[in-house]
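# Inside the fold
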Amino acid sequence: MLETEITNYDCIVVGSGLSGLIAARNLQRAGHQILVLEAQDRIGGRMYGQQIAPNQYIDFGGQWVGPTQDRFLALLDEYKIPRFPSPLEGKTVFLYNGHRSEFNGFFQGFAEGERPEISQEEWDDAIQAWHRFEELSQSLPLEHPGREPEHKRLDAQTFAQWIGENTKTDFGHWYFSYMVRAVGFLGPAEPGEVSLLHVLWGNRCASQSEHPEAELIHGGAGQIPGVIAAELGNQIQINEPVVKISQDQVGVEVTTGQNSYKAQFVIVAMPPYLSGRINYDPPLPATRQQLTQRFPMGTLAKILISYESPFWREKGLAGVGMGNSQWIELFADSSDPRSGKGVIATFVMGDHYHHWQVLTEPERRSAILSDLAAYLGDQALLPTTFDVLDWPANPWVGGGYAAFLPPGVWTNFGDAIATPVGRIHWAGTEIAERWPGFFDGAVRTGEAAAAAVIGRLSGE
Ligand SMILES: Cc1cc2nc3c(=O)[nH]c(=O)nc-3n(C[C@H](O)[C@H](O)[C@H](O)COP(=O)(O)OP(=O)(O)OC[C@H]3O[C@@H](n4cnc5c(N)ncnc54)[C@H](O)[C@@H]3O)c2cc1C
Ligand SMILES: [Mg+2]
């Protein structure tokens with residue numbers, strides 16, 4: 001941008017993830033002048049994908065959508081982006097303690113269908129504990145947890161402590177560790193890293209029982225940032241990490257490595273931990289500073305593996321597996337029915353990630369493929385494409401799916417999570433009260449931040 005072109009924007013949005021793009025779009029639709037500043041050499045943040053074959057796309061970040069994710073569904077409908085049901089026809093593979101079995105069912109935080117091949121005693125242990133977990137979770141309000149004594153009590157424990165006290169069998173133990181590692185409950189995390197309150201609240205406001213993985217998007221979720229950006233025209237600058245935000249009574253000044261931009265307001269649309277790396281003048285309130293010190297991203301890499309065809313279907317399998325094998329605890333069929341290809345999406349999470357991450361690239365690949373072959377058979381060893389996104393290694397996101405809170409954070413510092421500071425407003429899926437950690441939560445916070453700034457702009 002030329003010196004002579006310096007514009008005084010109505011609002012600058014920092015971060016071009018889904019939340020930032022929605023905030024910018026809504027402000028622009030209300031007639032305001034906006035600018036989006038993005039650190040990376042591409043837009044979209046955790047909404048990012050690529051085409052691998054005709055009609056077959058892969059998403060390195062999020063890909064699924066569910067029936068109660070109203071705001072994200074409204075966005076897909078508005079842009080006429082079609083969806084299809086996640087392929088689930090066939091049996092699920094269960095690989096537990098080296099023993100492989102198949103069953104007509106699914107457990108993803110809660111059980112549906114048949115019992116997998118595990119003893120009745122072990123299954124009952126997990127299911128009874130699940131009912132206790134669910135009851136405790138439903139006793140929480142939908143809003144962000146507060147400072148109530150009951151919340152403090154739950155926030156003083158890790159999820160590992162609760163698992164230890166509520167399950168008697170190895171399977172029961174694994175079931176809940178798997179849930180917080182694979183399903184996430186706003187993380188994922190190892191059970192010993194995360195607050196019990198956080199996990200319970202995650203299940204309350206973003207529950208697996210609402211089937212958030214029910215559908216997939218033709219063309220992939222990764223197409224969406226480009227669609228929104230097209231509406232924003234050229235008001236997005238990539239390769240511009242924001243390093244400083246200053247504010248006074250009249251406005252804000254946002255400084256990147258290259259430039260300084262002025263505006264009336266700024267929306268910082270990114271995970272709280274990343275927002276804490278920006279310098280603020282004057283400094284942010286102490287509670288906000290301490291909050292962002294304590295808001296880690298989940299530890300997870302996503303892997304997409306494609307095949308000439310979904311060969312598992314010939315064996316009556318759904319292309320879905322779960323278990324406690326060495327690397328892969330969960331995978332799912334992500335094949336677009338229009339392509340004829342077979343695509344498996346899988347993840348390496350938590351402690352598994354730490355062991356995997358230190359391997360060489362060929363070792364990482366063969367580790368994943370030999371594990372997948374244990375679930376699906378040797379055909380799994382011969383993919384046509386194999387793609388990895390190591391989210392913890394991405395300096396501008398720092399992990400995935402989303403962030404989680406360790407013990408004591410919600411109840412001591414949680415008040416600061418979404419509270420504007422002067423002319424600075426916050427957005428990003430992590431701060432949502434409904435579907436945090438998901439696309440839907442990102443849309444909601446982008447909409448809310450834009451509405452708040454639009455209100456202030458019309459009042460001034
Ligand atoms: C592997 C994976 C699988 C997932 N699966 C699903 C799913 O199936 N369904 C679902 O609903 N959700 C899923 N999610 C979550 C979903 O992707 C996120 O909730 C959503 O994309 C977050 O959007 P956001 O705008 O809040 O944050 P982000 O997408 O993280 O955007 C923040 C942006 O800010 C930028 N930034 C950071 N620091 C700076 C700076 N200093 N200056 C300028 N820019 C900066 C970043 O580069 C980034 O582009 C998944 C996520 C991952 C990683
Ligand atoms: Mg995003």
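Because the structure is predicted, anything quoted here is derived from the model rather than measured.

Another point: the domain arrangement of the protein chain. Domain boundaries in the protein chain define domain 1 (8-45 + 222-296 + 403-458), domain 2 (49-88 + 213-220 + 299-390) and domain 3 (115-208). The interface of domain 1 with domain 3 comprises 19 residues on the first partner and 24 residues on the second. Of the roughly 1900 Å² buried between domain 1 and domain 3 on both sides combined, carbon and sulfur atoms contribute 55%. As a salt-bridge pair, aspartate 415 and arginine 147 come within 3.0 Å of each other at their nearest N and O atoms.

This part takes up empty space enclosed by the protein. Scanning the model with the defined rule gives two cavities of 30 Å³ or more in all. Of the volumes computed, that of the largest cavity is approximately 120 Å³. Considering the residues around the largest cavity, the lining is formed by 14 residues, among which Tyr57, Asp59, Ile217, Gly220 and Ser334 are closest to the centre. When residues of the lining of the largest cavity are traced back to their parent elements, those giving at least two are strand 4 (56-59) and strand 10 (215-217). Looking at the lining of the largest cavity element by element, the count peaks at four residues for strand 4. Considering only enclosed or pocket space, the second largest cavity measures out at about 60 Å³ in volume. Lining of the second largest cavity is provided by Leu186, His198, Trp201, Phe295, Ala402, Ala403, Trp410, Ile417, Glu430, Pro436 and Gly437. The class makeup of the residues in the lining of the second largest cavity is eight nonpolar, two polar and one charged. Residues lining the lining of the second largest cavity come from more than one domain, with at least three contributed by each of domain 1 (8-45 + 222-296 + 403-458) and domain 3 (115-208).

What follows concerns the UniProt feature "binding site: substrate" (unreviewed entry) in the protein chain. Mapped onto the present numbering, the UniProt feature "binding site: substrate" (unreviewed entry) falls on Phe347. Relative to the assigned elements, phenylalanine 347 resides in strand 19 (residues 342-349). Not counting residues within four places of it along the chain, the set of residues in contact with phenylalanine 347 comprises Trp64, Leu300, Ala301, Lys302, Trp327, Ile328, Leu330 and Tyr401.

Attention shifts here to the sheet that holds strand 16 (residues 300-307). Taken together, seven strands build an open sheet; the order of strands is 7-6-17-18-19-16-20 and the sheet is mixed. Each edge of the sheet is formed by a strand with only one pairing partner; in this case those strands are strand 7 (99-103) and strand 20 (385-390). Averaged over neighbouring strand pairs, the angle between their axes works out to 20° when direction is ignored. Two strands pair when backbone bridges link them, and strand 16 and strand 20 are joined in this way by six bridges, in the antiparallel orientation. Residue pairing for strand 20: leucine 304 is matched across the bridge by aspartate 387. Against the sheet, helix 6 (residues 170-183) engages strand 6 (91-96), strand 17 (317-323), strand 18 (330-333) and strand 19, with an angle of about 115° to strand 6.

All right, on to the packing of aromatic side chains then. Tallied over the full model, the rule gives 30 aromatic pairs. Ring geometry for phenylalanine 94 and phenylalanine 171: centres 6.2 Å apart, planes at 85°, overall edge-to-face. Of this pair, phenylalanine 94 sits in strand 6 while phenylalanine 171 is found in helix 6, placing the two residues 77 residues apart along the sequence. With respect to class, phenylalanine 94 is no different from phenylalanine 171; both count as buried. Arranged with centres 5.0 Å apart and planes meeting at 75°, the rings of tryptophan 435 and phenylalanine 438 form a pair that is edge-to-face. You'll find tryptophan 435 and phenylalanine 438 in the same group, each marked buried.

Conventions used here
Residues numbered from 1 in each chain as written. Chains lettered and ligands numbered in written order. Predicted model: local features only at pLDDT ≥ 70, side-chain atom pairs only at ≥ 80, totals over all residues. Heavy atoms only, no water. Domains from an automatic or database assignment. Contact = heavy atoms within 4.5 Å. Buried area = accessible area lost by both parts, 1.4 Å probe. Salt bridge = Lys/Arg side-chain N within 4 Å of Asp/Glu carboxyl O. 1 Å grid on protein atoms, 1.4 Å probe; cavity = no way out; pocket = protein on both sides within 12 Å on 5 of 7 lines; lining within 4 Å. Points joined across faces, edges and corners; volume = space filled by probe spheres on them. Helix = DSSP H or I, 4+ residues; strand = E, 2+ residues; numbered from the N terminus. Nonpolar A, V, L, I, M, F, W, Y, C, P; charged D, E, K, R; others polar. UniProt positions renumbered as here; feature names shortened; annotations may be inferred. Pairing = 2+ DSSP bridges. Axes fitted to C-alpha atoms, helices over the stretch in contact; angles between N-to-C directions. Phe/Tyr/Trp six-rings, centres within 6.5 Å; stacked < 30°, edge-to-face > 60°. Buried < 20%, exposed > 50% of the residue type's maximum accessible area, 1.4 Å probe, protein only.

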